[in-house]
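# Descriptive analysis of the structure
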Amino acid sequence: MVSRTSMPRDFAIASTTDVKPIIELIGVHVAELAAHAPELPTLFLPEFAIVLREAGDISSAPSILRGHARAAQLVADDEISGDLFGGTVGAGWLLAHLEQHAPSPSASVATSLERLDQLLLESVAEVDLADPPLLGHWDGVAGWLAYAIKRPQPRLIDAICALLRRLATPGEAPLAIYWAERNPVFGTAVETGLGHGVAALLSGLAQLPRHDQAQALLAEATRWLIGRIRDDGTAALSWVEVPHDASARIKTDAGWAHGDAGVALALYAAATALGEPAWQARAIDVAVRSTRRPMEDYIQPPSVTISHGAAGLMHIYQQLYRATDLEVFRAAAVRWCEWCCRAYADAAPALPPPHNIEWGRTLVGGHLGVAAVLASACRSDAPSWTGYLATTLPPTDPLL
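These lines cover the structure that appears in this document, whether it is placed above or below. Predicted, not measured: the structure shown is a model, and the values here were computed from it. (Residues numbered from 1 in each chain as written. Predicted model: local features only at pLDDT ≥ 70, side-chain atom pairs only at ≥ 80, totals over all residues. Heavy atoms only, no water.)

### Here we look at the state of the cysteines
If you walk through the whole model with that rule in mind, you get 0 disulfides. In this structure Cys 337 is a free cysteine whose sulfur lies 4.3 Å from that of Cys 341, the closest cysteine sulfur available. Since its relative accessible area comes to 4%, Cys 337 is described here as buried. (Disulfide = S-S within 2.5 Å. Buried < 20%, exposed > 50% of the residue type's maximum accessible area, 1.4 Å probe, protein only.)

This is the structure in structure tokens:
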């Protein structure tokens, strides 16, 4: 049984006083990293800029401009890479975001983004169905869709939805079966999570309630994923689903990339966009069950990051709290916020290691993302960067 809080609500789950020392600690670390740009991941400076822009600190203007310029440089390059986290498409999303908040948008940047729109449109048209692209948010079609929605670019949205339909045409089986990829353990399999799987596509398609083809795709994929939910055990979903083999399962883990909490958020967004209250209830049930999983049930060692750890769960549960006003999600967000804060307090004056040090200097895999989520924990409204993580709530006034 879950209970609703009284209305109206402030959806902040932490006080600035509680998290400010940790944000400042991370800020010093990140500023030191930013001084060594040649050694940084491709999108570090633009990601740093959107976090600073969200914070609204006027003293951060030089770093925001530096990140803005770096994103513009990447988008203007001749080569196009489809990765949202590390490629030209990601630079385009970040640049479009920074331009939306810039005091005076740049004509040259507008031209570069229009050129990227066209290049991506051509790439989508040239996809070979015999060698289909990856589908995830991180490095595939869901990331392309996130960029197209951010712009927003109707022709590109149409082309991506048409591609998804082409990828789903071989037969009568559920659509998501044809959104299958090679998995190193099970062979052909469908990933479910926000980072690399079907959930990210649900999240994107849910932002397009006036787009008929998007809604048809969304309904088919949501019905399929709802049908994969198990009522036994603590994990409602498998990390991957193997066509025609219900026994093949990999347990979902903590965080944003593969966790069932993130899938539940995407299912809730999809059910809301489709006007399906029974599916909404199913999504909430999956999310509530995920709050009851013990830490030892998750990936080890525990991580502070968005991708595989506490920051990702904190953000997802706060988004679910904002969406549903259910106390169980506020409590879960607070619990992970406190866990994250303890990790930093216990490691002081150093920082706890990210899950994977090789990509720990990114928004999803490092301390920068933790700072962004902690800052948003103090806010009632959702941060403006949720589209970058496929965690946007259903729109109340859709553009398309």
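Picking up after the structure, the text goes on.
### Quick look at the pattern of salt bridges
Between side chains of opposite charge, pairing is possible as soon as their charged atoms come close. Inspection of the entire model under this criterion finds 12 salt bridges. The closest approach of N and O atoms between Glu 24 and Lys 20, which form a salt bridge, is 3.9 Å. Taken together, the positions of Glu 24 and Lys 20, both in helix α1 (residues 16-34) and 4 residues apart, correspond to about one turn of that helix. The exposure class of Lys 20 is partly exposed, given its relative accessible area of 46%. In this structure, the salt-bridge partner of Glu 54 is Arg 379, at a minimum N-O distance of 2.7 Å. (Salt bridge = Lys/Arg side-chain N within 4 Å of Asp/Glu carboxyl O. Helix = DSSP H or I, 4+ residues; strand = E, 2+ residues; numbered from the N terminus.)

### Quick look at helix α9 (residues 212-226)
Counting along an α-helix, one turn takes 3.6 residues, and residues three or four places apart therefore face a common direction. Given a rise of 1.5 Å per residue, 15 residues ought to cover 21 Å, and the 21 Å separating the end C-alpha atoms of α9 matches this to within 8%. Within the span of α9, buried status applies to Ala 214, Gln 215, Leu 217, Leu 218, Ala 219, Ala 221, Thr 222, Trp 224, Leu 225 and Ile 226. The inward-facing, buried residues of α9 abut α7 (154-167), β2 (187-191), α8 (198-205), β3 (240-241), α10 (260-274) and α11 (277-291). (Expected span 1.5 Å × (residues − 1). Contact = heavy atoms within 4.5 Å.)

### Observations concerning the packing of helix α5 (residues 107-125) against α7
Packing of α5 against α7 brings their axes to within 10 Å, and their N-to-C directions diverge by 15°. Considered as vectors, α5 and α7 are oriented roughly parallel to each other. Judged by the twist between their axes, the crossing of α5 over α7 is left-handed. Across the interface between the two elements, Asp 117, Gln 118, Leu 120, Leu 121 and Val 124 from α5 touch Arg 155, Leu 156, Ala 159, Ile 160, Leu 163 and Arg 166 from α7. For the contact of α5 with α7, the class distribution of residues is 7 nonpolar, 1 polar and 3 charged. (Axes fitted to C-alpha atoms, helices over the stretch in contact; angles between N-to-C directions. Parallel < 35°, antiparallel > 145°, perpendicular 65-115°, else oblique. Left-handed = near helix turned anticlockwise from the far one by under 90°. Nonpolar A, V, L, I, M, F, W, Y, C, P; charged D, E, K, R; others polar.)

### Things to note about the environment of Arg 70
Along the chain, Arg 70 falls in helix α3 (residues 61-76). Distance from Arg 70 to Pro 46, taken between C-alpha atoms, is 6.5 Å for residues 24 residues apart in sequence. Setting aside chain neighbours within four positions, we find Arg 70 in contact with Thr 42, Leu 45 and Pro 46.

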